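Single-letter residue listing:
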Amino acid sequence: MMLDGRSAVVVGGGIGGLAAALALRRTGWAVTVLERAPQIREVGAGLTIMENGLSCLNQLGVGERIRQMSVLQPPAIRRWDGQWLVRATGAAAVRVGTVGMHRAELHRILLEALPSEVVRTDATVVGVADGTVRYADSGGEGEIVADLVVAADGIRSTVRNLLWPEVPAPSYGGSTVWRAVTAEPWTGSDVLGFSWGPGMEFGMGPMVDGRAYWYLAVNAPPGTRHDDQLAAVRALVGDWHDPIPELLAATDPEAIRPDDIYQLATHPASFVRGKVVLLGDAAHAMLPTLGQGAGQAMEDAVVLAAELARTTSITDALAAYDRARRPRARRIANLARLSGAMGQRLTNGALVGLRNAAYRALPPAMTIGTLGVVTNWRAPVLAARG
Ligand SMILES: Cc1cc2nc3c(=O)[nH]c(=O)nc-3n(C[C@H](O)[C@H](O)[C@H](O)COP(=O)(O)OP(=O)(O)OC[C@H]3O[C@@H](n4cnc5c(N)ncnc54)[C@H](O)[C@@H]3O)c2cc1C
């Protein structure tokens, strides 16, 4: 049901853009997503979603589908040699409610929940002036006029660069991450949680199709690349605890993808400029050390739609979105930085020892409990304006 003829253009068809399109459509908006890629797809790697993100997916109407296509990930942290630092079992493991899934699967579920005509691929946005969006596609240039423009075009957002030129470029987060999924269903011992070595974190998890995903984050200068990615990973973690060596052996070297990690260290002073609003990584790209970038993009999406459904004034709704989302995103981004500094990025031997001792001494409810600020957030109910 489309109300009032309100129309929105969403720039970018990533997880944030598709979530925004779904949220807006569920509250009565006509939406067009412009995505520059010729085909809409996500990279092949694992992704975790915590309860805050799951509550958004419920409001987007895909919660059940996500639960079917994901696997519960009990919190677990080990030292590189296998010594347990945090191990939650039973109710404590379930309470956190984090699930893992293939990132492409989440993306596909969001895409399939939208009518096919909503998303236009091969359409690169090249200009935005308030409600007018200019894009280039294989046929030349086109223009769409809308009541709202949602810039969900990622960390290197064109829209942000055009309308928020004062925001500094993304900065390097200090780490490279290798990510992969096993070629075949995983039959080895449990793939569970993540493990720390000095300046390194190896994480792994099961997927619903039986395969396992893993990642290795390492302190490294930007642009660090190797001809043989698998050999480079083996040289770093080939002697870590089981099942890490077997997991590497079960990985096709061609499937390993390295990425340098960047963040938007300075967030915009406002996420809103006229009818244009920033969302997801375009607004607040953060380090992946908390696994919250997509979660925060989904929070943005449902809050934006909920605020717009609350009032007839788009201006008031966008101001409310900005008030709600900027402090929250700032807080989570700071927490992600802290979590990285105390976790993967830590190299000082004495501090590593202290951290590990503290994690071993504290009950999991306390160490995991610090995530409450992230996971206790719940999405507002999405309903069209009556
Ligand atoms: C190693 C790693 C691990 C991560 N793990 C997790 C995790 O476990 N859990 C979690 O919640 N988050 C995680 N994240 C973060 C998460 O991936 C991102 O925060 C999230 O995908 C951002 O989504 P987005 O839609 O805002 O941006 P993007 O995914 O970057 O999408 C932007 C889209 O806009 C398109 N686009 C760009 N410019 C234009 C243009 N001019 N015109 C049209 N289209 C355009 C792009 O092609 C792209 O499709 C991780 C990130 C990394 C790097």
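Use the structure listed above.
Residues numbered from 1 in each chain as written. Predicted model: local features only at pLDDT ≥ 70, side-chain atom pairs only at ≥ 80, totals over all residues.

Observations concerning the overall build of the chain
Note the following rule: The helix and strand labels rest on DSSP assignments: H or I over at least four residues marks a helix, E over at least two residues marks a strand, and numbering proceeds from the N terminus. Throughout, a residue-residue contact means that the two C-beta atoms, derived from backbone geometry, are no farther apart than 7 Å.
Across its full length, the chain holds 14 helices and 19 strands. Across its three principal directions, the C-alpha atoms of the chain cover 60 × 45 × 40 Å. For the chain, contacts bridging at least 24 residues in sequence account for 75% of all contacts bridging at least 6.

Let's talk about the nonpolar core
Quick note on the threshold: What makes a nonpolar core is a set of buried Ala, Val, Leu, Ile, Met, Phe, Trp, Tyr and Cys residues, with links drawn between C-beta atoms within 7 Å. For every residue, the other C-beta atoms within 10 Å of its own C-beta are counted; 20 or more classify it as buried, 12 or fewer as exposed, and values in between as partly exposed. C-beta atoms are placed from the backbone.
Ala19 and Leu279 are the most contacted members of the largest nonpolar core, which has 111 residues in total. Considering each element in turn, this core owes the most residues, 11 residues, to helix H10 (residues 293–310). Apart from the residues lying within four places of it in its own chain, the contact partners of Ala19 are Cys56, Leu60, Leu110, Ala297, Met298 and Ala301.

What to know about the site of the ligand
Heads up, the rule is: Being near a molecule or strand means, for a residue, that its C-beta atom, positioned from the backbone, comes within 6 Å of it. Classification used: nonpolar for Ala, Val, Leu, Ile, Met, Phe, Trp, Tyr, Cys and Pro, charged for Asp, Glu, Lys and Arg, polar for all others including Gly.
Near the ligand you find 33 residues, and of these Gly12, Gly14, Gly154, Gly280 and Gly293 are the closest. Every element with two or more residues in the shell around the ligand is listed here: helix H1 (15–26), strand E3 (46–49), strand E9 (124–129), strand E13 (171–181), strand E17 (257–263), helix H9 (281–284) and H10. If one sorts the elements of the shell around the ligand by residue count, H10 sits on top with four residues. A per-class count over the shell around the ligand returns 13 nonpolar, 14 polar and six charged.

Things to note about the pairing of strand E1 (residues 7–11)
What counts is decided by this rule: When DSSP finds two or more bridges between two strands, those strands count as paired. We call a crossover right-handed when, viewed with both strands directed away from the observer, the connection leading from the first strand over the helix to the second proceeds clockwise.
Among the five residues that make up E1, four are buried, leaving the element largely enclosed by the rest of the structure. Pairing analysis gives five bridges linking E1 to strand E2 (residues 30–34), with the strands arranged parallel. Among the inter-strand pairings, Val10 is bridged to a residue of E2, identified as Val33. Once you follow E1 into H1 and on to E2, the crossover reads as right-handed. The pairing of E1 with strand E12 (residues 148–151) spans four bridges and is classified as parallel. Bridge pairing links Val11 to Ala151 in E12.

Re the pairing of strand E7 (residues 99–102)
Sheet topology note: the E3/E7 ladder contains four bridges and is antiparallel. Residue pairing for E7: Ile49 is matched across the bridge by Val99. Across two bridges, the pairing between strand E4 (residues 71–72) and E7 is antiparallel. Paired with Val71 across the two strands is Gly100, which belongs to E7.

Examining helix H2 (residues 51–59)
Each full turn of the α-helix corresponds to 3.6 residues, which orients residues three or four apart in the same direction. When you tally the buried positions in H2, you get eight out of nine residues, the bulk of the element. Buried residues along H2 sit in contact with H1, E3, helix H3 (63–68), H10 and helix H14 (372–375). One or two steps after H2, the chain reaches Gly61, where phi turns positive at roughly 85°.

Comments concerning the sheet that holds strand E8 (residues 119–120)
Read across the open sheet, the six strands follow the order E8-E2-E1-E12-E19-E18; overall the sheet is mixed. The open sheet has two edge strands with one neighbour each: E8 and strand E18 (272–273). When E2 meets E8, the two strands line up parallel, connected through two bridges. Looking at the pairing, Leu34 lines up with Arg120 of E8.

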